[in-house]
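# Remarks on the overall topology
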Amino acid sequence: MWQEMNKPKMATEKGASRVLMLLGQLERLNEEPKVSDTDATRQITGKILHIIQTQEKTRKEVMSKGSSGMDVILSTLENTGDLQTTLNVLSILNELLTVGGGRRTGVFVSKGGTAILLQLLVSSSKDPLNEELMLHIHTLLFKVGPKDRKFGVKARLNGALNVTVNQAKHNLQNHKLLLPCLQVLRVYSGNLVNAVSLGKSGALELMFEIIGPFSKKSTTLLKVALDTLAALLKSKMNARWAVDRGYIPTLLAIYQDWHRNDTRHRHMIIRKSILGCIKNLTNIKLGRKAFIDANGMRILYNTSTECLPVRTLDPLVNTSSLIMRKCFPKNRLPLPTIKSVYQYPLPRILAGGPVAQLYSLPPGVDDVVDESDENEATEVDTENDTENEDDETGHKTQNDDIETDINKLRPRQMQSRPFDELRVYERFCLEFTQYFKDNDFQSPGSVMPPSSFDPNRHHPLIIPTTQNRRPKNIQPPRSNDSPLELDSISISKTLEGKPNPDLACSLGQLVLDGDVSVNGESGDGPQEESGDQAVIEVPDTAALLPLHDPDLYLEMVKGTRSVPAYTEVAYPDYFGHVALNLREPILERAYGVQRTKIFQDIERLIHPSDILDRVVYDLDNQSCPILDNGESLKFNSKFESGNLRKAIQIRKFEYDLILNSDINSNHYHQWFYFEVGNMRPGVRYRFNIINCEKSNSQFNYGMQVLMYSVQEAINGSPQWVRTGSDICYYKNHFSRSSIAAGGQKGKSYFSMTFTVTFQQKDDVCYFAYHYPYTYSTLKMHLQKLSGLCTSEIYYRQDELCETLGGNSCPLLTITAMPESSSNEHISQFRSRPVVFLSSRVHPGETNSSWVMKGSLEFLMSSSPQAQSLRESYIFKIIPMLNPDGVINGNHRCSLSGEDLNRQWQNPNAELHPTIYHAKSLLQYLRATGRTPLVFCDYHGHSRKKNVFMYGCSVKETVWQTNVNTSNCDLHEDLGYRTLPKLLSQMAPAFSLSSCSFVVERSKEATARVVVWREIGVQRSYTMESTLCGCDQGKYKGLQIGTRELEEMGAQFCVGLLRLRRFTTPLELHNHNSHLLDMENDLKDPRSIPNITSPTTYVLEEDEPAFLEEVDYSAESNDENDPDFEPDLQDNRVLPDPSSDSELSRQDSLT
Ligand SMILES: [Zn+2]
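Remember, predicted model here, so these are calculated numbers, not experimental data.

Before going further, it helps to spend a moment on the overall build of the protein. Secondary structure assignment for the protein yields 45 helices and 24 strands. Going through the 1150 residues of the protein one by one, you find that 59% of them count as buried. Taking contacts inside the protein between residues at least 6 apart in sequence as the whole, the part at least 24 apart equals 79%. Here the protein has roughly 46100 Å² of accessible surface; of this, 50% comes from carbon and sulfur atoms.

Looking now at the coordination of the zinc ion. The zinc ion binds to the protein through H842 (ND1), E845 (OE), E845 (OE) and H939 (ND1), with metal-donor distances spanning 2.0 to 2.3 Å. Coordination at the zinc ion is irregular, judged from the four donor atoms that bind it and the angles of 59 to 153° they form at the metal. Within one chain, the residues serving as donors to the zinc ion are arranged as H-x2-E-x93-H. Here H939 lies in strand β22 (residues 934-941) and E845 lies in the loop between β20 (834-839) and α36 (846-859), a separation of 94 residues in the sequence. The pair E845 / H939 is uniform in exposure class, with both members buried.

What describes a pair of aromatic rings is the distance from one ring centre to the other and the angle between the planes of the rings. Evaluation of the coordinates by the stated rule reveals 40 aromatic pairs. Through a chain of ring-to-ring contacts, the aromatic side chains of F635, F653, Y655, F672, F674, Y685, F687, F699, F754, F758, F767 and Y769 assemble into a single cluster.

A few words on the sheet that holds strand β10 (residues 654-659). Taken in spatial order, the six strands of this open sheet run β7-β9-β10-β12-β16-β15, and their pairing is mixed. Either end of the sheet is taken by a strand with one partner, and the two such strands are β7 (614-618) and β15 (725-736). Taken over all neighbouring pairs, the strand axes of this sheet differ in orientation by 25° on average, direction set aside. Of the strands in this sheet, β9 (644-651), β10, β12 (684-692), β15 and β16 (747-757) touch helix α32 (residues 593-606), which is tilted by about 40° from β15.

The geometry of helix α2 (residues 18-31) relative to helix α4 (residues 56-63) is characterised by a closest axis approach of 9 Å and an angle of 50° between their N-to-C directions. As far as their axial angle goes, α4 and α2 are oblique. Considering only the axes of α2 and α4, their crossing is right-handed. The residues of α4 that touch α2, namely those facing V19, L20 and L23, are T58, E61 and V62. Taken together, the residues that form the contact of α2 with α4 break down as four nonpolar, one polar and one charged.

The subject of this paragraph is the environment of G630. Tracing the backbone shows G630 in the loop between β7 and β8 (634-636). The class for G630 is partly exposed, based on a relative accessible area of 40%. As for G630 and N678, which are separated by 48 residues in sequence, their C-alpha atoms are 7.0 Å apart.

As a further point, take helix α6 (residues 83-98). In this model α6 runs 22 Å from its N-terminal to its C-terminal C-alpha over 16 residues, within 8% of the 22 Å that 1.5 Å per residue would give. Most of α6 sits inside the fold, with twelve of its 16 residues counted as buried.

All right, on to the packing of helix α17 (residues 247-261) against helix α18 (residues 268-281) then. The relative placement of two packed helices comes down to the angle between their axes together with the axis-to-axis distance. Running from N to C, α17 and α18 point in directions that differ by 160°, and their axes come no closer than 10 Å. Considered as vectors, α17 and α18 are oriented roughly antiparallel to each other. As for how α17 packs across α18, the hand of that crossing is left-handed. Contacts from I248, L251, L252, I254, Y255, W258 and H259 in α17 reach I270, R271, I274, L275, C277, I278 and L281 in α18. Class assignment of the residues belonging to the contact of α17 with α18 gives a composition of twelve nonpolar, one polar and one charged.

This part is about helix α19 (residues 285-293). If you check which residues of α19 are buried, you get G287, R288, A290 and F291. Angularly, the buried residues of α19 cover 165° about the axis, an arc narrow enough to put them on a single face. Exposed and oriented more than 90 degrees from the buried face of α19 are K289 and D293. Of the surrounding secondary structure, the elements contacted by the buried residues of α19 are α16 (236-244), α17, α18, α20 (296-307) and α21 (314-327).

Let's shift gears to the nonpolar core. Ranked by size, the top nonpolar core spans 129 residues in total, and within it F635, F687 and F767 carry the most contacts. At ten residues, helix α43 (residues 1042-1063) tops the list of elements feeding residues into this core. Counting 114 residues, the second largest nonpolar core, distinct from the first, contains L77, M207, V224 and Y730.

Right, let's get into the environment of R830. Within the secondary structure, R830 is located in helix α35 (residues 823-830). Note: C-alpha distance between R830 and P818 (twelve residues apart in sequence) is 8.9 Å. In this structure R830 touches E431, F432, T433, Q434, Y435 and R930, once residues within four positions along its chain are discounted.

With that settled, consider unusual backbone geometry. Its identity is not glycine, yet S218 carries a phi of approximately 50°, on the positive side. With respect to the helices, strands and loops of the structure, S218 is situated in the loop between α14 (203-210) and α15 (219-232). Even without glycine at this site, D762 takes up a positive phi of about 50°.

Rules behind the numbers
- Residues numbered from 1 in each chain as written.
- Predicted model: local features only at pLDDT ≥ 70, side-chain atom pairs only at ≥ 80, totals over all residues.
- Heavy atoms only, no water.
- Helix = DSSP H or I, 4+ residues; strand = E, 2+ residues; numbered from the N terminus.
- Buried < 20%, exposed > 50% of the residue type's maximum accessible area, 1.4 Å probe, protein only.
- Contact = heavy atoms within 4.5 Å.
- Areas by Shrake-Rupley, 256 points an atom, 1.4 Å probe, with all protein chains shown as cover.
- Donors = N, O, S within 2.8 Å, 3.2 Å for Na, K, Ca; no water.
- Tetrahedral: all angles 85-135°; square planar, octahedral: opposite > 155°, others 65-115°.
- Phe/Tyr/Trp six-rings, centres within 6.5 Å; stacked < 30°, edge-to-face > 60°.
- Pairing = 2+ DSSP bridges.
- Axes fitted to C-alpha atoms, helices over the stretch in contact; angles between N-to-C directions.
- Parallel < 35°, antiparallel > 145°, perpendicular 65-115°, else oblique.
- Left-handed = near helix turned anticlockwise from the far one by under 90°.
- Nonpolar A, V, L, I, M, F, W, Y, C, P; charged D, E, K, R; others polar.
- Expected span 1.5 Å × (residues − 1).
- Arc of directions from axis to C-beta.
- Core = buried A, V, L, I, M, F, W, Y, C linked by side-chain atoms within 4.5 Å.

All we've got here are geometric facts, nothing functional implied.
Have a look at this one:
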């Protein structure tokens, strides 16, 4: 075939085709081998070599597309037994593959060249040694190996590994041959199985003979030997062997020697390679111990400190810091237990459930041992073969979570509870049955117990102070000469002015007793008698904050039941928060911040005497002395949604903070809310929250913490402000045991660090993860909203149920009153589609409450749009699905210690009452033919920017999995895309490209998926709002604030109004024709972005790497950490072409 295709070409082309002619001759010789032809072959190959060496264009001819020159050459190499011919052919190949980059080598590999070369290597090793032949073969192998994915396997199977090792061993002084042998060894050892085998053949000793102290000679050789060593040390077996032989101190000594002598930094890459070996050795426990014993921490710390000023040495500093962090002894958190300080007795504990497991843990279980590398007995290296292809494994990890079971994807109307049981939910849907009389058009309002709230009262608030025993009237603000002495707002102390002897008495009881009116009595005599109260005027924020009222807030607090029986109220919740007018840009990350922070952490180990380690706040030890030495900050978070557990002063102006776990759990911490006092203005304080859990955070991408200054509030700016500098989020040296982590390998914690300079003297400041929004705030807002009700609005507030903690879960019904009691109007009223909204199932996602506030305010507003929205739908809204979690400062769970948004498949009436009743109400609606048109659960997202939605689509899920493509013809209404598309056109913070409509297995018990699958709501969504800010649209580059969140909630409502036009085809003729076009546009699959490759399956993180190339998460002992997964693929890591070019540049300099 080759002949037929190419002969004409060869014959017709003149002149330049001499090389092709020769190849043709060579081919004929290959086909009819005769002994006498050896000379001819030798001659022809010699001529070809000569032409190729002298005329560059002939190389192109041989390698041109359609030419089969390579076949002929390889065939000659394979068949000839003649040494000279072999050398000629090897030289020809060498010339051909030297230029032309990967394509030529690719042709060589695809034609089976690698195997031919390896066989030649093995067979030549049996003959008396020919140095030139060995040199040629290894040079070629080194060219080819990195381009052949299966090179390592092929080399092993052909028995080539030992041949190369032996060649290297016997030519230690012969650098000309040694170098290509080492280069090939380096490629071999990129495969772990090979690494083990090479280790057994003495390759490690060999490398240690070559590497050594500083020298200007043979740096290329040295570099290759070090890289080979590093690759070999990826095998744990090899690493153990090397540690046993004491190689860690040797490598450290070599590193120091190079550090001292390479003063002009010409050999940075060699120094980095030495660190690369140490890095791999310290992947095993034994190695880390040897590193510590060899004083490795101090050595790398000191060398790194000296490298810091030279920016080009960053890679050394970064690798050193990586090693030091890995070897930093793992500590348990300084707590008696990582279980929550608070326990809440549950009505029942499901056997085998998380709470049962939590409380059956043996004592001392938190203790951390260095767990990685425990299975010394099994050498996994040898068991794993390396046949898997890169892309296979890549795909698997990405698609693991996507639902592939088509039956699970198909929405199915599940058998719900019998209708007789559901009938009780009729009381939440009175609008469907209610009888309206003409003169009785009163909105039903609240069916909750009325509050004793009196909006006209405006009493001064009592501020108890600890420092003044005399009653004292604090002057209104702005009198700088009499500094305020602020302490917490306390409810219990206002009880007849006597300190409450029984602090355990819950606030709920106060309300139940019904005889305490905190505000009514607080300003009177008893307070003065108690002698530790001061009076302060409340700043008048009524004009700025129409839905806020401090007195009403306190009123609400009294009815809120918390597990710790909080008696204090945080100022920000009391004063309220006014949205800022100024823009708060996303913080640009300063270069080197993380590194500096990490080095400060490492100094704790290296200079332990500098560390104060003074506990200044401790929930576990209520008698923890409050130091009043003027030196330490004062912390507090014993108020609603607060969750600081412990504060430890590390240095004069640095504090480690530990957050409390969610109640009945031993983890879930990310949310924080606490108070700080006794600060010195103008000083930089560093705060480290040391038990964060997520592996990355928007704090690495420009998000700042929120701070509220009470002094500022009193001075007329009651607001949460983004603050803090030097913010970063990284894995630290604290971890928990695998048992405490629920069977996972010991999990490391993360530090979120930020630095703040306080402006005011004698201030009290609050810090929060995001804008707080307490349950009492919700109740206050609802109370205020109900006051906005007009005769046009149908507003009803029911109690969906009582929570485990004894708090009410409000359910709102909002729609328009029927126009009249005429049959037509009543029928229109009752036939409005239902929109079901919920929020705040995750307590730490306070942004979802602000979005909900925006929706509610819009729905209650007097605008024509709001009225027409009310006339279009009946809204059923559960604004807080997890009140107990919110009240008690949880991040994720309810009092049952579980994530309520994973309970929707099978909610338990006792343990998950809000979910159980919300789902039942949805089942009732479906059973009565009122399946909601839209369901949306508002959430917050900690790792992404913008606002976006998750929905459910069978097709888009199937597309993601690339399987079952035969099912792609299934019909699916694209209506689920309309609302997100509309929102992306209207709401500036909303980003369509971040939306996803894929059904994941891990989300099968969430509200979105269950309401879609079981209730049959096609437009079932999770709406995620960023905690950080936006990277597109009008707010691009800005952090998000409450104004933007509330706007999003309002825009969501406007989106629903527009959606109405797409969901009632009969009414379409009433609207402009362009709307029709728009509908077509919206539903046309071609207009859907990514429809052919719907990459809307959103991975957890989509942030670009930041400038500072320091791992924020990788360095750890966690073997399940993907970054530490041994590289089982052939040649993926080695050799690094960039380092090669660097190397040659370095060499040419010396
Ligand atoms: Zn959430």
